[in-house]
Amino acid sequence: MPDLRAFVRREAAPGRHPLVPEIGLRLATDVVALWAATERLLGGGVRPPPFWAIAWPGGVGLARWLLDHPEAVAGRTVLDFGAGSGIAAIAAAKAGARVQIAEIDPLACAACAVNAEENGVAVEVYAGDPLARADWDVVVAGDVCYERPVAERVLAWMRGLPAVLLADAGRAFRPRDGVVEVGRYRIPVDRDVEGVDEREAVIWRLTPA
């Protein structure tokens, strides 16, 4: 197995999102070139895009909110579901939480580990199926409502959890009811990735089923 952490350090450049300057991330300077490098590294045909090397607006909004409201997670166990770069996980750890991430992409897990280490915090990868477990104090998730089947399954699980913070930047299948808005941010984004220069991320607290 290739050294994925070394690959992240070599191929993704240090950067910071302007809304969350407190957190450094390894980010793609050229998404297409990084994608091609990933396929060369791992082989075996087409690989998913390097979502882990992009600061997605949902994760950025969550990170900003968590840093501004540390009391929401301090001293608690937190899962960052679909963590991507790990920006929300790192923010939760900086706020005083004990943090795990859930990711299906091994490169995303490596990127979260590198980013956490470079920010001086501890983040653990949860190796099991998170949808079979419901005992985290708080679950956070950003931009997970792209596709209907996945969104419906994930939201059904989240309704049974003690506390969920869901950040969404206008994705098609976000929940329309059973949510309370707790924050809202205008977030600069990469036009090549998002097709626009700015998105609005809303932080929702899910209410129990």
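Owing to the predicted nature of the structure, the values given are computational and were not obtained by experimental measurement.

## What about the layout of surface pockets?
Then comes step 1: Taken as a whole, the largest pocket holds about 1,100 Å³ of empty space.
Then comes step 2: At the level of secondary structure, the elements contributing two or more residues to the lining of the largest pocket comprise α2 (31–42), α3 (57–68), β3 (77–81), α4 (87–94), α5 (106–118), β6 (138–142) and α6 (148–158).
Then comes step 3: Considering only residue class, the lining of the largest pocket consists of 25 nonpolar, seven polar and eight charged.
Then comes step 4: For the second largest pocket, the calculated volume is near 240 Å³.
Then comes step 5: Forming the boundary of the second largest pocket are 16 residues, of which H17, L27, I54, A55 and D190 lie nearest the centre.
Then comes step 6: Of all the elements in the fold, those that place two or more residues in the lining of the second largest pocket are β1 (13–17) and α7 (191–194).
Then comes step 7: When the residues that make up the lining of the second largest pocket are grouped by side-chain class, the tally is twelve nonpolar, one polar and three charged.

## Details of the pattern of salt bridges
Then comes step 1: For the coordinates displayed, the defined rule picks out 14 salt bridges.
Then comes step 2: A salt bridge links R9 to E118; the nearest nitrogen and oxygen atoms lie 4.0 Å apart. Taken together, the positions of R9 in helix α1 (residues 4–11) and E118 in helix α5 put the pair 109 residues apart, joining distant regions of the chain.
Then comes step 3: Taking relative accessible area as the criterion, R9 reaches 32% and is therefore assigned partly exposed.
Then comes step 4: The partner of D197 in a salt bridge is R191, and the shortest N-O contact between them spans 3.1 Å.
Then comes step 5: Residue D197 is classed as partly exposed on the basis of its relative accessible area of 46%.
Then comes step 6: Residues joined in a network through salt bridges with shared partners are E181, R184, R186, E198 and E200.

## Brief notes about the nonpolar core
Then comes step 1: I23, L66, V73, V78, V140 and L165 are the most contacted members of the largest nonpolar core, which totals 40 residues.
Then comes step 2: In terms of residue count, α4 provides more of this core than any other element does, seven residues in total.
Then comes step 3: Apart from residues lying up to four places away in sequence, L165 is in contact with L62, W65, L66, V138, V139, V140, A141, V182, I203, W204 and R205.
Then comes step 4: Counting 21 residues, the second-largest nonpolar core is a separate cluster that includes A141, A151, M158 and L206.

## Some thoughts on the packing of aromatic side chains
Then comes step 1: By the definition in use, this model includes three aromatic pairs.
Then comes step 2: Centre to centre, the rings of F81 and W157 are 5.3 Å apart; their planes meet at 45 degrees, and the pair counts as tilted. On the criterion of sequence distance, the pair formed by F81 in strand β3 and W157 in helix α6 is long-range, its members being 76 residues apart.
Then comes step 3: Given the relative accessible area of 13%, F81 is considered buried.
Then comes step 4: The aromatic ring of W136 is capped on one face by R133, whose charged end is 4.0 Å from the ring centroid.

## Some words on the pairing of strand β7 (residues 164–168)
Then comes step 1: Taken across its five residues, β7 has five buried, putting it largely inside the fold.
Then comes step 2: The two faces of β7 match: V164, L166 and D168 on one face and L165 and A167 on the other face are all buried.
Then comes step 3: The pairing of β6 with β7 spans four bridges and is classified as parallel. Across the sheet, V139 pairs through a bridge with V164, a residue of β7.
Then comes step 4: Both β7 and strand β9 (residues 198–206) contribute to a ladder of four bridges, which runs antiparallel. Looking across to β9, one finds that L166 is bridged to W204.

Analysis parameters
Residues numbered from 1 in each chain as written. Predicted model: local features only at pLDDT ≥ 70, side-chain atom pairs only at ≥ 80, totals over all residues. Heavy atoms only, no water. 1 Å grid on protein atoms, 1.4 Å probe; cavity = no way out; pocket = protein on both sides within 12 Å on 5 of 7 lines; lining within 4 Å. Points joined across faces, edges and corners; volume = space filled by probe spheres on them. Helix = DSSP H or I, 4+ residues; strand = E, 2+ residues; numbered from the N terminus. Nonpolar A, V, L, I, M, F, W, Y, C, P; charged D, E, K, R; others polar. Salt bridge = Lys/Arg side-chain N within 4 Å of Asp/Glu carboxyl O. Buried < 20%, exposed > 50% of the residue type's maximum accessible area, 1.4 Å probe, protein only. Core = buried A, V, L, I, M, F, W, Y, C linked by side-chain atoms within 4.5 Å. Contact = heavy atoms within 4.5 Å. Phe/Tyr/Trp six-rings, centres within 6.5 Å; stacked < 30°, edge-to-face > 60°. Lys NZ or Arg CZ within 6 Å of the ring centre and 35° of its normal. Pairing = 2+ DSSP bridges.

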